[in-house]
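Chains, contacts and geometry: an overview
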Amino acid sequence: MSGALVGFRVGGEKKLLRLHGERGCESVLTSLLAWLRSVSDARLHAYAGILKTVDVTQGRYTTGLEEKERAILLAFFEDHLGESCQPPTWAEAFSAFPELEGWHAGFPYMPAASIDACADVPWGFLLDLDADRGAGELQIFINRHARFSWRDMGTEVAAPCCNLPLAHARKLTATDVSALQGLLNQNFYSDGIDPLLPLREPARSHQSPPFPALGATSAAASEEAWLARLHLAAGHARLLLERAGLRATVRQVSELRLDDPHCGAWLRETLAPEALALTLAIHGPGASLGQMARVAAHLPSLPFATEARTEAGVGVGVETGGLPLLALGLNPHTGLNLDLRPEDGPAFFDALRTCFLEGGMSVQGWRFLIKQDNAVLRAILQFFPPSARILRGFTHFINLLAGSLQHEPLTLARCQPALRGVERILDRTRGRPEAMREENARIFLRALVRARLSLEQEANLAHEAQDVSDFVYAHTAVLKGATWASLCRRSDAWHRALLIEVDPAKDLRWPSLLPRYQSGAYVAVELDCGYLLAEEGLEQRHCIGSYANACASGGTRVFSLRQGSAQGRRVATLEVQRGHDGVWRMVQIRGKANTPVHESQVLGVAEQVVAAYAAAVQAQADDQRGERRGLQGQVAQLAGDYAPPPYVIHRQEHWTG
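Residues numbered from 1 in each chain as written. Predicted model: local features only at pLDDT ≥ 70, side-chain atom pairs only at ≥ 80, totals over all residues. Heavy atoms only, no water.

**Observations concerning the overall build of the protein**
In terms of helices and strands, the protein carries 24 helices and 19 strands. Restricting to contacts in the protein with at least 6 residues of sequence separation, those with at least 24 account for 64%. As displayed, the protein offers around 31,000 Å² of accessible surface, 52% of which is attributable to carbon and sulfur atoms. (Helix = DSSP H or I, 4+ residues; strand = E, 2+ residues; numbered from the N terminus. Contact = heavy atoms within 4.5 Å. Areas by Shrake-Rupley, 256 points an atom, 1.4 Å probe, with all protein chains shown as cover.)

**A word on unusual backbone geometry**
Even without glycine at this site, D132 takes up a positive phi of about 55 degrees. Inspection of the secondary structure puts D132 in the loop between β5 (123-128) and β6 (137-142). With a phi close to 50 degrees, A244 is a non-glycine residue in the positive phi region. By the secondary structure assignment, A244 is in the loop between β11 (236-243) and β12 (246-250).

**Structural notes on the pairing of strand β10 (residues 227-233)**
Relative to β10, strand β8 (residues 206-207) runs antiparallel, the two sharing 2 bridges. Bridge assignment links H206 to a residue of β10, and that residue is L232. Examined bridge by bridge, strand β9 (residues 211-212) and β10 share 2 bridges and lie antiparallel to one another. Opposite F211, over in β10, you have A228 as the bridge partner. Hairpin connection, β10 to β11: the antiparallel pair is bridged by 2 residues, and A234 has positive phi, about 55 degrees. (Pairing = 2+ DSSP bridges.)

**Things to note about the nonpolar core**
F125, L138, I140, L230, L241, L267 and W484 are the most contacted members of the largest nonpolar core, which has 123 residues in total. The dominant element in this core, judged by the number of residues it contributes, is helix α16 (residues 391-405), at 8 residues. Excluding residues that lie within four positions of it along the chain, I140 makes contacts with L29, W123, G124, F125, P160, C161, C162, L164, L180 and L184. The next biggest cluster of nonpolar side chains, apart from the first, holds 20 residues, and it includes Y522, L574, A606 and V609. (Core = buried A, V, L, I, M, F, W, Y, C linked by side-chain atoms within 4.5 Å. Buried < 20%, exposed > 50% of the residue type's maximum accessible area, 1.4 Å probe, protein only.)

**Re the sheet that holds strand β19 (residues 584-590)**
Think of a sheet as strands paired side by side through backbone hydrogen bonds, with each pair either parallel or antiparallel. Across the sheet, 5 strands lie side by side as β15-β16-β17-β18-β19; this open sheet has antiparallel pairing. On the outer flanks of this sheet lie β15 (516-519) and β19, each paired with one strand and no other. Pairwise comparison of adjacent strand axes, ignoring direction, gives a mean angle of 25 degrees for this sheet. Across 5 bridges, the pairing between strand β16 (residues 522-526) and strand β17 (residues 556-563) is antiparallel. Bridged to V523 within β17 is R562. (Axes fitted to C-alpha atoms, helices over the stretch in contact; angles between N-to-C directions.)

**Focus on the packing of aromatic side chains**
Counted according to the given criterion, the structure contains 11 aromatic pairs. Taking 5.4 Å as the distance between ring centres and 80 degrees as the angle between the ring planes, the aromatic pair formed by F148 and W150 counts as edge-to-face. Residue classification places F148 among the buried positions, given a relative accessible area of 9%. Taken together, the aromatic side chains of F356, W366, F383, F384, F394 and F397 make up a single cluster linked through ring pairs. (Phe/Tyr/Trp six-rings, centres within 6.5 Å; stacked < 30°, edge-to-face > 60°.)

**Quick word on the packing of helix α21 (residues 484-500) against helix α22 (residues 530-540)**
Close contact between α21 and α22 brings their axes to 11 Å; oriented N to C, the two are set at 165 degrees. When the axis of α21 is compared with that of α22, the two are roughly antiparallel. Helix-helix and strand crossings are classified by hand; for α21 and α22 the assignment is left-handed. Across from D492, H495, R496 and L499 in α21, the residues of α22 making contact are Y531, A534, E535, L538 and E539. Here the contact of α21 with α22 is built from residues that sort into 4 nonpolar, 1 polar and 4 charged. (Parallel < 35°, antiparallel > 145°, perpendicular 65-115°, else oblique. Left-handed = near helix turned anticlockwise from the far one by under 90°. Nonpolar A, V, L, I, M, F, W, Y, C, P; charged D, E, K, R; others polar.)

**Observations regarding helix α14 (residues 363-370)**
If you check which residues of α14 are buried, you get G365, W366, F368 and L369. With its buried residues spanning 160 degrees around the axis, α14 presents them on a single face. (Arc of directions from axis to C-beta.)

**Notes on the side chain of N460**
Mapped onto the fold, N460 is located in the loop between α19 (455-459) and α20 (461-474). With a relative accessible area of 3%, N460 lands in the buried category.

**Remarks on α22**
Those residues of α22 not exposed but buried are G530, L533, A534, E536, G537, L538 and Q540. Along its buried surface, α22 packs onto α20, α21, α23 (548-552), β17 and β18 (570-578).

**Some thoughts on the environment of A169**
Inspection of the secondary structure assignment puts A169 in helix α7 (residues 166-169). Between the C-alpha atoms of A169 and R247, which are 78 residues apart in sequence, the distance is 8.9 Å. Ignoring any residue separated from it by four or fewer positions in sequence, one finds A169 in contact with L33, R37, L138 and L164.

**A few points about the pattern of salt bridges**
Oppositely charged side chains can pair when the atoms bearing their charge come close. In the structure shown here, the tally under the stated rule is 17 salt bridges. For D176, the salt bridge is made with R243, and the minimal N-O distance between the two is 2.7 Å. On the criterion of sequence distance, the pair formed by D176 in helix α8 (residues 174-188) and R243 in strand β11 is long-range, its members being 67 residues apart. When its relative accessible area of 9% is taken as the criterion, R243 is described as buried. For the salt bridge of R557 with E526, the shortest nitrogen-to-oxygen distance reads 3.7 Å. Of this pair, R557 sits in strand β17 while E526 is found in strand β16, placing the two residues 31 residues apart along the sequence. (Salt bridge = Lys/Arg side-chain N within 4 Å of Asp/Glu carboxyl O.)

**Some remarks on the side chain of E438**
The residue E438 is located in helix α18 (residues 434-450) in this model. Residue E438 is classed as buried on the basis of its relative accessible area of 9%. Beyond its immediate chain neighbours, meaning those up to four positions away, E438 contacts H396, L400 and L426.

**A look at the environment of A297**
By the element assignment, A297 lies in helix α11 (residues 289-298). For the pair A297 and L196, spaced 101 residues apart in the sequence, the C-alpha separation amounts to 8.3 Å.

**Comments concerning the confidence of the model for the protein**
Interpretation of the predicted coordinates at a detailed level should be avoided for regions scoring low in pLDDT. Confidence in the prediction for the protein averages 78 pLDDT; 76% of positions are at 70 or higher. Considering only residues more than four positions removed or in separate chains, one finds that residues 55-61, a stretch of pLDDT under 50, has 22 contacts. Every residue in residues 81-113 is under pLDDT 50, and counting partners more than four places away or in other chains gives 73 contacts. (pLDDT = per-residue confidence, 0-100.)

**Quick word on the environment of V468**
On the secondary structure map, V468 appears in helix α20. Taking the relative accessible area as the measure of exposure, V468 reaches 0% and is therefore buried. Sequence separation between V468 and I425 is 43 residues; the distance between their C-alpha atoms is 9.8 Å.

This is the structure we're talking about:
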């Protein structure tokens, strides 16, 4: 069972009315708002008043209904069932409409047993006609993982996730519902945590400057976008949403992060320095408000908590080695069952060490883990979060890293490409001799960490590491004595050999409207097949080879800008995209190894290429219109518009990216 519950509250009493079937929040909310717009406030209160007469235990309304009340009740049936009926009891109403029972699951009342059976229903909507001084309020509830019983909907146990005055709810457009749905879904995945945050000044109410709300960019041209303010009071966080006089309040904003571009700086100024410093030390600058709340709740019992201090009114965290490992003790979902004891901080790490050693971690692996820089340790834990379920796999991975690097430090800049490369090699070589696959993973890791790279090479390391890891896992012997430079050379030769073997009949192609464009000393060559994109990626050391499907779809075009002639030196790679308005624009231009292009002459030529391509698209569109003019009822498809390619898209593993 899934869907959403809908209910009324009037005169202090509550009735849950309907359980929708397989429908999402936006679908139910749209239907509910359409119904609200069709009924007046007086009729709404009349419906709710009649529902108060339902005897939930017997499934019937009282026999003393007046004719006026009975007429209101029948109108309520017509609104919901689409036809008239004369049911003497609710039970007989079910008999009259048996096909609707499964969909409504208790319409128009829901017995307590049925409510308790709705544990997997995620959404609830309550029309609270007592709220907002009797004007009424639409309350939206999220009940993920059955955190509360639906019978508690609207109580302190189950407070609403979002509140809107009924008068405002009736004015919501489809765009508003979509934007609101985005916010609710964002908080839906936060497991419903309403974080209690420590404030620098707890007695004062804090309100952030306005910033665009999630989904605001999707507002129609004739509408204003939703703006949000983050409101902190008594430690609780709320988003106050406003648009053209409409307002809504959203709670459970635990997924909001401390580095949010709109209110992150304001948050860091408002939150208590000690808890903030320790949160940043454990979880990093991208910590969420939910993580901040957990740290604050455990602050007295956290090991090394006393080392977070305040200097000149600013929170300063002393980053002790292994501090992010505290996140394992704050997260009960890991299943490691680690205790945080305030009287003996190091005991936590003793318990964690015992847990890891019992899970197969070597002493060398443990020492490697706790000696990492905190930023690197956070990256490792995010890449491969340990839990009781996968503890053996995690400890084996750490042992491999420790045995490969020995005393070499793992820097943050090389952490992600190194971890991804090792995982890729181990994953793609399953079934081969264990000693060979792990030895090649160690060789790859040592070579990458010890490599001396230029700034240009460092900037393109993620792409280079993926190419090299592809070569390493395809190699069927141990790569003894390899350095990073030798691995890169052998990887490049291997990729070129694969490129030569591409079957032209299976290559991905798309129409070229501007094969060559000359401007002064530069020539732009349009790349119109997967082979040319892959070749450009190999020569320029970037991932343009992975853009084949985007080009085949019709929305992207790629040009290689070369000096002198079409066979000249490659200067830059230019990507052109068609926007939603149909206009073609340059979205990026990069030199070798993804370096930015700053030369004004090259940038000027790139703009000319974009204009020339847009003109070629328009010319072909005009030709097609002319050919189709006079044919009634047909709509010509313009050149450059999206059309599914008439050929099969073949997956080509050798393309870079």
